[in-house]
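What follows is the residue order along each chain.
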Amino acid sequence: MPLLGVTLTATGALRLEARPPQLALSDVEGARELEPGRPVRLLDGRGGLRAIGAADPENELFRVWSHGEDARAPDAPFVRAKVAAALELRRTLGLTDGESAYRLFNGEGDGMSGLAADVYGRFAVVTTLSRGLLGYARLLAQSALEVLPAAGLPLVGAVLKTRLKGSGNSPERAKDDVVGETPPAKLIVRESGIPYEVHLGGGINVGLFTDMREHRAGLARFVRGRRVLNTFAYTGALSVAAARGGASAVTSVDLAAGPLAWARANFALSGLDAAAPAYRWEVSDVFRFLEAERARRATYDVIILDPPTVSGARASLWAQKRDYPDLIAAACALLPEAGGHLWISSNTHRGPSVLKHVDAGLALAGRDAQILELGGLPPDYPTPLAWPAARYLEVCQVRVGARVGDGAGRG
C-alpha cells in the first residue's frame, strides 16, 4: 500500500516533538477518513517529513512507528529489523532457550505501538489491537519466523489474535489466524524450568501471562509454611508457584470450572498431587466465597488478589476501578487478627495506581499495613521513558497489621 502524505495539526506537531508512540486522530488532518491500517507520512505545515505510521481509527489513534526526516516505511525489512533488535534484548535476558514463554515484542517499547508477540516454546502468539493492523501483525509473525530460526531458535508457527473491544462489562474477544504450522490444542512450555500447559488457539488469554513471570518467581519469599488463598485463580499459575514455594496449604477459587481443571493439570505437570488434602479447589464467585469463609471463621496467612480488569461473568459483574477496595476489605477479614499478607495486582491502564486501591481497601477494613514491595513489568516488556501509559502492570506486596482502634475504619 503506497504511503500517503497527511498534515499534522499545530497541536499534533507540538505533541510529536516528544516522540510519542501514538497520537490522537484529531492530531492529524483528515485522519478519520483514512482507511484503517493505511501507512501514512506525517508532514508538518511546511511539508517536511516528521514521522511515519498507520491509522487506527478503531481505537481513535494514529500509530507512530518511525520518527524524523529519515523515517522509514513500515514494510517487511523495517519489521524484520525491529524483530531482530527485540530478539537481541531477550537473548541478553537469557529467555530464548527454545522451550520457555516470554514476550518477544512489546508494542511501544519495541517500536510498533498496537502490536505484540509472545513466544511459547516453538510457537508465537502475535496480537494486534485492531482489525486495521492485522496486515502488520502478519508481517510481524512472518519476520519472527525468519529471524528466530536464523538465530538458532525453533520457531515454527504463529497464531495471530486480533483483540476486539468488549462493550460495558463484556470482556475483550479475539479472532485467530495462523502463520506457519498450527500449534497443538495443548502445548507444554516452561517458565524458569517450571512446566505449564497453554492453549494458543481460541480465546485472547492462552493460560499463562508472560508479564507475571517475575512475580510468580518471587512468590516463594512470602508463602513458605503459610496457608495461601488464590482468588481469581484462572489456570492456577500462582497456585503452582505457591505450592512449589512451600506453602502449607493452597486454596484456589475461580468462577469457572474449566480453568480450575486446567490448574489441576498444571499441578500434575509439577509433580504435585492436586487431590492432596493441602490443596482445595472451589468453583465460586470470589465475593461469595469470601463471605462464606468469613461466616465459618476461616483464616489465611497469604491472600492473592489477581482479578481481571472487568468481567461480565454470569454470577456477578466486576469492575476493578469500582470494586477493588471492597475486595481488599473482604480479603482482610480472612487474615488473622494479628495480621497477614496480601499479594495485589492491578492493571493501571483502566484505573488508578494499585496503591490507591490498597489505601481505600485498608481504610474500609480498618487495618494498618506496610508496603513491602511494589513491582511492575518484567524486562522483556520494555516501555518508552516518556510514555508511562505503557507501564500498565503493578503488583504490590502488603504486610497487613492488626486492626486500627476499634476496627471501625480510618476513612
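Our subject is the structure that appears above.
Residues numbered from 1 in each chain as written. Predicted model: local features only at pLDDT ≥ 70, side-chain atom pairs only at ≥ 80, totals over all residues. Heavy atoms only, no water.

Chemist: Just give me the short version of the state of the cysteines, but keep the residues and values in it.
Modeler: Tallying each qualifying case throughout the model produces zero disulfides. Its sulfur unpaired, C396 is 12 Å from the next cysteine sulfur, which belongs to C332. (Disulfide = S-S within 2.5 Å.)

Chemist: Report on the pattern of salt bridges, specifying residues and quantitative values.
Modeler: Pairing is possible between side chains of opposite charge, provided their charged atoms come close. Across all of its chains, the model carries 19 salt bridges by this definition. Of the charged contacts, one joins R32 and E60 as a salt bridge, the two residues approaching to 2.7 Å between their closest N and O atoms. In this pair, R32 is assigned in the loop between β2 (22–24) and β3 (39–43) and E60 in the loop between β4 (49–56) and β5 (61–67), connecting sequence segments 28 residues apart. As a salt-bridge pair, D56 and R63 come within 2.9 Å of each other at their nearest N and O atoms. As far as the burial class goes, D56 and R63 line up, both buried. In this structure, a network of salt bridges that share partners links the residues R280, E282, E293 and R296. (Salt bridge = Lys/Arg side-chain N within 4 Å of Asp/Glu carboxyl O. Helix = DSSP H or I, 4+ residues; strand = E, 2+ residues; numbered from the N terminus. Buried < 20%, exposed > 50% of the residue type's maximum accessible area, 1.4 Å probe, protein only.)

Chemist: Summarise helix α7 (residues 257–269); cite the residues concerned and give the values.
Modeler: For α7, with 13 residues, the first-to-last C-alpha span of 19 Å sits near the 18 Å given by 1.5 Å per residue. Listing the buried residues of α7 in full gives P259, L260, W262, A263, N266 and F267. Along α7, the residues classed as buried sweep out an arc of 155° about the axis, all on the same side. If you follow the buried residues of α7, they end up packed against β12 (194–198), α6 (237–244), β14 (249–254) and β15 (279–283). (Expected span 1.5 Å × (residues − 1). Arc of directions from axis to C-beta. Contact = heavy atoms within 4.5 Å.)

Chemist: Before we move on, can you summarise unusual backbone geometry with the specific residues and values?
Modeler: Notably, Y234 is not glycine yet its phi reads approximately 55°, a positive angle. Mapped onto the fold, Y234 is located in the loop between β13 (227–231) and α6. One non-glycine residue, R297, lies in the positive phi region at around 60°. Within the secondary structure, R297 sits in the loop between α8 (286–295) and β16 (302–305). By relative accessible area, R297 is classed as exposed at 75%.

Chemist: Help me get a handle on the side chain of D110, residues and values and all.
Modeler: Along the polypeptide, D110 turns up in the loop between β6 (101–106) and β7 (115–120). Residue class for D110 comes out buried when judged on its relative accessible area of 12%.

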